[in-house]
Amino acid sequence: MKIYAIVLAAGKGTRMKSQRPKVVHDVLYKPMINHVVDELKLMGVDETIVVVGHEAQQVEAILDNVEFVYQKEQLGTGHAVLQAKDILKDKEGITLVLNGDAPLIRKETLQGLVEFHMNNHNQATVMSADCDVSNHYGRIIKEDGQVIGIVEYKDLQEYQMDVTEMNTGEYCFDNQKLFEALDEVTNENAQNEYYLTDVIGIMNNKQLKVDAYKIDDFNEVGGINDRIALAQATQILRDRINQEHLLNGVTIIDPHNTYIGRDVVIGEDTIIEPGCILKGKTVIGKDCHIGPYCELTNVTIKDNVEIKFSVISDSIIENGVDIGPYARLRTNCHILENVHMGNFVEMKKAIFGKNSKAAHLTYIGDAEVGSDVNIGCGTITVNYDGKNKSLTKIKDNAFIGCNSNLIAPVTIEENAFIAAGSTITKDVEKDAMGIARAKQVNKEGYSKVLKEKRLKEFEKRNK
Ligand code: UD1
Ligand code: CA
């Protein structure tokens, strides 16, 4: 059985009060729409169609491996699904329809919906949950326990006001039956919109089998309509993810003050201190100690690594490295085994070899550093001449004295020694010492002369 999916993402999201379409807003550092589409991918659906409209290009820019259909005017959720008609209407299979503004949905729940739909031979299944009577969601209307339709909150009759079973906005349909029924949807309702929800009543009237798949966790499906709900969704997802890590053997000292993205992987016995934000495709190994206060984005960290108060992105860190406090690594750094990187060190596009050290106040950019290298405090790879970026190579066992400038392109060969305070513009050969600074001159007694001179000037001024 083929499974198709349609994700509705054409709306503006007026209640967000934003220049950006609702579905591109982040929940825990990932746009809402990506949460939904990623779960569909994990589920392995055969074809995903995203309905875009308002600021379509902003939505299209953050998604890949999906098809887009364009809804020119946002005339309602039913009208949105109709935009996929040309692509899908003749295909055999089932179609999931998901609201793009419900990012907390999990693939397991969607699988449950599909199984329920197939096992019961339904033509339409709406996912439902219990909500508070005051919530403005559509309601599932039943007669003798049978679903007969969905009524939007604004269209509820007095006698339907106490219904608490809400429409989550997630459905599973027989694909062909869905498009047949959609043709019959009108916009005669409180909002003059073509409601997708009407399809349930229409199919029921045609004696097709419709039902509701009720789930326990309302938090997974509440649509986000304003920034209060957006903030709440972030908290809910944070707690859910942290709980999973705790159960998997990760210590999180303060789960309320630790933000871990949905795609982050963390190994056993790793400790996460407060104030950490771990996001993107970050993978952390076993027995690591991360934080306090680290921001890691798309970082791969192997085992036994310690990082404190640092900001790291798009980099790989091998076993046994210790970093920080206050280090910054970005753009494809590769830090090899047992490196020690201390206070206020910045690296960019650098390979930093085994056992090498940069203990303090250093910038290493566009560089290849070998193993057992010592980078003295205040060293700078001068990689930029205002136009081009150039490479610095520092080979194994080299020693770079404090406060050196290495003007790239330049190579410091194996075992070479750079005298502190040097500005190195030429390659330094193996085993050589490079020194490039003015010779020191000591002027005997001159300190005393200077002091007396200043004292006289002072007395003259204050007469
Ligand atoms: C919808 C449901 C409601 C349900 C709720 C769950 C309808 C008519 N109502 O209401 O029963 O309880 O979701 O959260 O379906 N969209 C388009 N094109 C449009 C209109 C909307 O693509 O013309 C998209 C929006 O971008 C959004 C999704 O559809 O991602 C839902 O639209 P929204 O306006 O938020 O529907 P609700 O009023 O929340
Ligand atoms: Ca909504």
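Presented here is an overview of the structure given in this document. What you see is a predicted model, and the numbers here were worked out from it, not measured in a lab.

### Describing the packing of aromatic side chains
So, step 1. Overall, the coordinates contain seven aromatic pairs when judged by the stated rule.
So, step 2. Judged by centre distance (5.1 Å) and plane angle (45°), the ring pair of phenylalanine 116 and tyrosine 213 falls under tilted. In this pair, phenylalanine 116 is assigned in helix α5 (residues 107–119) and tyrosine 213 in strand β9 (residues 210–214), connecting sequence segments 97 residues apart.
So, step 3. Take phenylalanine 116: its relative accessible area is 23%, and that puts it in the partly exposed class.
So, step 4. Look at tyrosine 326 and phenylalanine 344: their rings are 5.1 Å apart centre to centre, the planes differ by 10°, and that puts the pair in the stacked class. A residue pair is termed long-range when its members are at least 10 positions apart, and tyrosine 326 in the loop between β20 (322–323) and β21 (327–330) and phenylalanine 344 in strand β23 (residues 340–352) qualify at 18 residues.
So, step 5. By the ring-pair criterion, three or more aromatic residues cluster together here, those being Tyr293, Phe309, Tyr326 and Phe344.
So, step 6. Geometry around tyrosine 384 places lysine 389 over its ring, the cationic atom sitting 4.9 Å from the centre.

### As for the site of ligand 1
So, step 1. Inspection of the region around ligand 1 gives 23 residues, with Gln71, Gly76, Thr77, Glu152 and Asn167 positioned closest.
So, step 2. At 3.4 Å from an oxygen atom of ligand 1 is found a main-chain nitrogen or oxygen belonging to leucine 75.
So, step 3. In the complex, 89% of the free accessible area of ligand 1, which totals 760 Å², lies under the protein chains.
So, step 4. Elements represented by at least two residues in the shell around ligand 1 include exactly β1 (3–9), α3 (77–82) and β8 (165–174).
So, step 5. Across the shell around ligand 1, the residue classes break down as seven nonpolar, 13 polar and three charged.

### What to know about the nonpolar core
So, step 1. Core analysis: the largest hydrophobic core is formed by 59 residues, its most contacted members being Leu278, Ile290, Ile301, Ile317, Ile335, Met347 and Ile412.
So, step 2. For this core, the secondary-structure elements that each account for two or more residues are α8 (227–247), β17 (295–301), β19 (311–317), β21, β23, β24 (357–369) and β30 (410–412).
So, step 3. Dropping the residues within four chain positions of it, isoleucine 290 is found in contact with Thr270, Ile271, Ile272, Glu273, Cys276, Leu278, Ile284, Leu296, Ile301, Val305 and Ile307.
So, step 4. Among the nonpolar cores identified, the runner-up in size contains 34 residues, and Val24, Val45, Leu63 and Leu96 belong to it.

### Notes on the pattern of salt bridges
Pairs can form between side chains of opposite charge whenever their charged atoms are close.
So, step 1. Summed over all chains, the structure comprises 22 salt bridges.
So, step 2. For arginine 106, the salt bridge identified is with glutamate 108, shortest N-O distance 3.6 Å.
So, step 3. On the accessibility criterion, arginine 106 (28% relative accessible area) is partly exposed.
So, step 4. By relative accessible area, which is 41% here, glutamate 108 ends up partly exposed.
So, step 5. The closest approach of N and O atoms between glutamate 295 and lysine 279, which form a salt bridge, is 3.6 Å. Remark: lysine 279 occurs in strand β14 (residues 277–279) and glutamate 295 occurs in strand β17; sequence separation between them is 16 residues.
So, step 6. Here glutamate 295 falls in the partly exposed class, since its relative accessible area comes to 29%.
So, step 7. The class for lysine 279 is buried, based on a relative accessible area of 17%.
So, step 8. Through salt bridges with shared partners, a single network forms among Lys30, Asp38, Asp263 and Lys281.

### What about unusual backbone geometry?
Backbone geometry follows two general trends: most residues other than glycine have a negative phi, and most peptide bonds adopt the trans configuration.
So, step 1. Here the residue pair glycine 291 and proline 292 is connected by a cis peptide bond, since its omega of 5° sits within 30 degrees of zero.
So, step 2. Within the secondary structure, proline 292 is located in the loop between β16 (289–290) and β17.
So, step 3. The peptide bond linking alanine 408 to proline 409 adopts the cis configuration, its omega dihedral lying at 0°.
So, step 4. Non-glycine residue asparagine 355 carries a positive phi angle of around 60°.
So, step 5. Within the secondary structure layout, asparagine 355 lies in the loop between β23 and β24.
So, step 6. Residue classification places asparagine 355 among the partly exposed residues on the basis of a relative accessible area of 33%.
So, step 7. Not every positive phi belongs to a glycine, and leucine 361 is a case in point at roughly 45°.
So, step 8. Structurally, leucine 361 can be placed in strand β24.

Cut-offs and rules
Numbering of residues starts from 1 in every chain and runs along the sequence as written. Key to labels: chains lettered from A, ligands numbered from 1, both in the order written. The model is predicted, so local features are restricted to residues of pLDDT at least 70 and side-chain atom pairs to those at 80 or more, both for listing and for counting; the totals for chains, interfaces and linings are taken over all residues. Here the side-chain values reflect all heavy atoms present in the structure, with hydrogen atoms and water set aside. By convention, a stacked pair of Phe, Tyr or Trp rings (six-membered ring in the case of Trp) has centres within 6.5 Å and planes under 30 degrees apart, an edge-to-face pair has planes over 60 apart, and any other such pair is tilted. Runs of H or I in DSSP of at least four residues are treated as helices and runs of E of at least two as strands, each being numbered from the N terminus. Residue exposure (1.4 Å probe, protein chains only): buried if accessible area is under 20% of the type maximum, exposed if over 50%, otherwise partly exposed. Placement of a positive charge over a ring is assigned whenever Lys NZ or Arg CZ falls within 6 Å of the ring centre and within 35 degrees of the normal to the ring plane. When we say a residue is near a molecule or strand, we mean one of its heavy atoms is within 4 Å of it. Under the rule applied, a polar contact is a pair of N or O atoms within 3.5 Å (in protein, one hydrogen donor and one hydrogen acceptor; residues adjacent in sequence only if both atoms are side-chain atoms). For accessible areas, the Shrake-Rupley method is used with a probe of radius 1.4 Å. Any residue's cover is judged against the shown protein chains and nothing else. In this classification, the charged set is Asp, Glu, Lys and Arg, the nonpolar set is Ala, Val, Leu, Ile, Met, Phe, Trp, Tyr, Cys and Pro, and all remaining amino acids, among them Gly, are polar. In this description, a nonpolar core means a group of buried Ala, Val, Leu, Ile, Met, Phe, Trp, Tyr and Cys residues linked to one another through side-chain atoms lying within 4.5 Å. Contacts: residue pairs with any heavy atoms within 4.5 Å of one another. A pair is scored as a salt bridge if a Lys or Arg side-chain nitrogen falls within 4 Å of a carboxyl oxygen belonging to Asp or Glu.

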